[in-house]
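Summary of the model geometry
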Amino acid sequence: MSNAPAASSKSCHDHEDDDDDCENFEPSAPDPGNCETSNANHYGQFTWTVALPAAPADKDSLADISKIRQFSDVFEVGGFEWKLEMYPYGDSQSDKTLSVFLCAVDRKQLPGWSQTAHYQIAVVNKDPSKTSTHTGYDIFRGKRDSAWGWSKLINLSKLHDVTQGWADEDGKITLQATVHVVKHEYMPVNRTYRKSLCGLYYERVLQSYFEPFLKDELQRLDKLCGNNVLHKGFSDFWAALSDAKKRALLQITMDEVLLNVKARLFSRDQPATYLAADVIFKAAQDCTSGLTTEASQRSLVGCTSLAMVGGGDGTVLRLERLTPEASGGLSSLVSRHDCVDQASSRVMLRTHKGVMRMSNSANFVDVFRAQVSDALDNVRALVKHLKPQSCDGACLEAMGRQMLAVFAMCGMYITNVHPAYHEKLALQLQEDLIREEEEKNMKAEQKKAKQAEKRKKQQALKAQKKAEEEKVKKEAEEEEKKKKEAEAAKRKAAEEEAARKKAEERRKAQEEAEKKRKLELEAEEKRQREEAERKAKEEAKRQEAAAKKQQAQQAQQQAQQQAQQHQAQQQQQQQQQQQQ
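Residues numbered from 1 in each chain as written. Predicted model: local features only at pLDDT ≥ 70, side-chain atom pairs only at ≥ 80, totals over all residues. Heavy atoms only, no water.

1. Overview of the overall build of the chain
For the chain, the count of helices and strands is 10 helices and 18 strands. Evaluated residue by residue, the chain yields a buried proportion of 38% over its 580 residues. Summing over all exposed atoms, the chain offers an accessible surface of approximately 34500 Å²; the carbon and sulfur share of this is 49%. (Helix = DSSP H or I, 4+ residues; strand = E, 2+ residues; numbered from the N terminus. Buried < 20%, exposed > 50% of the residue type's maximum accessible area, 1.4 Å probe, protein only. Areas by Shrake-Rupley, 256 points an atom, 1.4 Å probe, with all protein chains shown as cover.)

This is the structure in structure tokens:
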């Protein structure tokens, strides 16, 4: 089987079985042997050979071509009824592609039911290597959200081409549905279904999920193991722990381990993660199933021997890295380290009542790092030497056991060991701080005592010096007082002399001012007299000029009168002459 085409798109499909808008084409009754179930009916396969209907010829029908659909017969897996829903010319979300969905039939279920399931839908090709298989993991519910599948499963041009091998001479295609009902969250799938997943996603699981996870863990451990100071600090911490304390730290519940597996590896949108998580879930189931013999559960991956031994106190998962001679030809599958501590290469994990406990007296981080490094080497070796076509799932199941051990130790480290180590570092730091504080306080007390003695001597010297200074100061004050008194007397005499001179100057200034005022009054009186005389002369001149002007005017008037009289006389004379 081949991987799903990149063009396919997974979608949820809502429908009602009695929808009148869709034209239904019911297939003929399937062969009774076409549905197989196993694993207590949790797993089953259904094969449907169906003829593709002809496309409508008229344009009006072509507009509703996406509503044409066909249903398979109902088949039962895991106590639930299922059927396939096919849109031979694509649904409303696709164009020129085949759309196929897996439907959960809810006629036997109570209202509000839901069920999670792994499922595959494959379009079978005459050449098995070309068969197109699509894988999903979803929750099916009653009525709505009850159909999951792919709107773009395969291109119709390829599907109808007989030479491509999808359809036979009669125009029929074969669809195969695989359903694995998940009864609980960490339930491993059926071996047959796991084998089909291995054929599709084997390399991707190793290269895209296991290898990156192991690289991250190895890088984190290298920060501790690669630093001599940090590594010695952890080694001293681990060596100082009692056996009871180590046992308490080296245990974790299986649920915590699987929860971490699901968080780190599982994604509903990535089908390859189903297989990555499933092989670890399978290893967890083996650890809790109560095995009774060691030989039946012994495996070898790379240079790591994995054995599961059952007993009254639970199941033991034992991992040991073998020497090249002991591992035979498989030793070439992994790259050996130059030096491997034998104590770090052996790990025993006992699972009892849902709790995994690790027994190893060596340094935990060294053991953890050795197991992560071995697992990384084994993953790379499997990728290099084992082909997906030859993978039957057994090698990946063995790798799943080693990954379970790595996840268990990872959980122990993160949940128990690392916090305890940091708590010890915090306590040690607190003790160092307390000791430093006590030493600091002691030195402070000693310094304080020396300073008190020094201050006492300084105070005595200071008191003596102060008495001498006060005596000198008193003498200086008396001398200063006498000096000030003499200066005050001298200043008083100077002030009195200054006051006398000032009074004399003031008297002289007053006399000078009085004399000056008299001179100004005399000058003012003289000026006023001269001004009055000037005004009188001007007035006389003005009056004389006015008189002369008046006389001139009178003379002018007389002259005018005389002229007028003379003119009148002349006129009379002329009149008399005219009369005569």
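Now that the structure has been shown, we can carry on.
2. A short note on the pairing of strand β9 (residues 114-123)
With respect to burial, β9 is a largely interior element, 9 of its 10 residues being buried. Relative to strand β10 (residues 132-141), β9 is paired through 10 bridges, and the arrangement is antiparallel. Within β10, the residue paired with Gln120 across the bridge is Thr135. Of the pairings in the sheet, the one linking β9 to strand β12 (residues 172-182) comprises 8 bridges and is antiparallel in character. Among the inter-strand pairings, Ile121 is bridged to a residue of β12, identified as Ala177. (Pairing = 2+ DSSP bridges.)

3. Thoughts on a negative patch on the surface
A contiguous patch of negative charge, built from Glu475, Glu477, Glu478, Glu479, Glu480 and Glu487, is present on the exposed surface. By the secondary structure assignment, Glu479 is in helix α10 (residues 394-579). The class of Glu479 is exposed, set by a relative accessible area of 53%. (Patch = residues over 30% accessible without salt bridge, like charges linked within 9 Å, V, L, I, M, F, W, Y side chains within 5 Å. Salt bridge = Lys/Arg side-chain N within 4 Å of Asp/Glu carboxyl O. Lys, Arg positive; Asp, Glu negative; His and termini not counted. Charge placed at Lys NZ, Arg CZ, Asp CG, Glu CD.)

4. What to know about helix α6 (residues 254-265)
Compared with the 16 Å implied by 1.5 Å per residue over 12 residues, the 16 Å span of α6 between its first and last C-alpha is a close match. Burial in α6 covers these residues: Met254, Val257, Leu258, Asn260, Val261 and Leu265. Here the buried residues of α6 occupy an arc of 155° about the axis, which is enough to place them on one side. Seen from the buried face of α6, the exposed residues on the opposite side, beyond 90 degrees, are Asp255, Leu259 and Ala263. (Expected span 1.5 Å × (residues − 1). Arc of directions from axis to C-beta.)

5. A closer look at the packing of helix α3 (residues 191-225) against helix α4 (residues 228-240)
Look at α3 against α4: their axes get within 6 Å of each other, and the N-to-C directions meet at 90°. Relative to α4, the element α3 lies roughly perpendicular. Facing α3, whose interface residues are Lys223, Leu224 and Cys225, α4 presents Leu230, His231 and Phe234. (Axes fitted to C-alpha atoms, helices over the stretch in contact; angles between N-to-C directions. Parallel < 35°, antiparallel > 145°, perpendicular 65-115°, else oblique. Contact = heavy atoms within 4.5 Å.)

6. A short note on the nonpolar core
If you look at soluble globular proteins, the nonpolar side chains tend to sit buried side by side. Counting residues in each nonpolar core, the largest one holds 81 residues, and the members touching the most others are Phe210 and Phe364. Those residues in contact with Phe364, other than ones at most four positions away along the chain, are Phe234, Trp238, Leu250, Met358, Met409, Met412, Tyr413 and Val417. Ranked by size, the runner-up nonpolar core spans 36 residues in total, among them Val100, Ala104, Leu159 and Leu175. (Core = buried A, V, L, I, M, F, W, Y, C linked by side-chain atoms within 4.5 Å.)

7. With respect to the pattern of salt bridges
Per the counting criterion, the structure on display carries 22 salt bridges. Across the pair Asp236 and Lys232 runs a salt bridge whose closest N-O atoms are separated by 3.0 Å. Of this pair, Asp236 and Lys232 both sit in helix α4, 4 residues apart, roughly one helical turn. On the basis of relative accessible area, Asp236 is assigned to the partly exposed category, the value being 41%. Assessed through its relative accessible area of 52%, Lys232 is described here as exposed.

8. What to know about unusual backbone geometry
With a phi angle near 55°, Lys353 is a residue other than glycine that sits in the positive phi range. On the secondary structure map, Lys353 appears in the loop between β17 (346-352) and β18 (355-359).

9. A few points about α4
For α4, built from 13 residues, the straight-helix expectation of 18 Å at 1.5 Å per residue is met to within 8% by its first-to-last C-alpha distance of 18 Å. Buried within α4 we find His231, Phe234, Phe237 and Trp238. An end-on view of α4 places all buried positions within 125° of arc, on one side of the element. The exposed residues of α4 that point more than 90 degrees off its buried face are Asn228, Val229, Lys232, Ala239 and Ala240. Contacts from the buried residues of α4 go to α3, α5 (243-249), α9 (364-385) and α10. By the N-cap criterion, in which a side-chain oxygen at the helix start approaches the backbone nitrogen of a residue two or three places on, α4 is capped by Asn227, the distance to Val229 being 3.0 Å. (Polar contact = N/O pair within 3.5 Å; in protein donor to acceptor, adjacent residues only side chain to side chain.)

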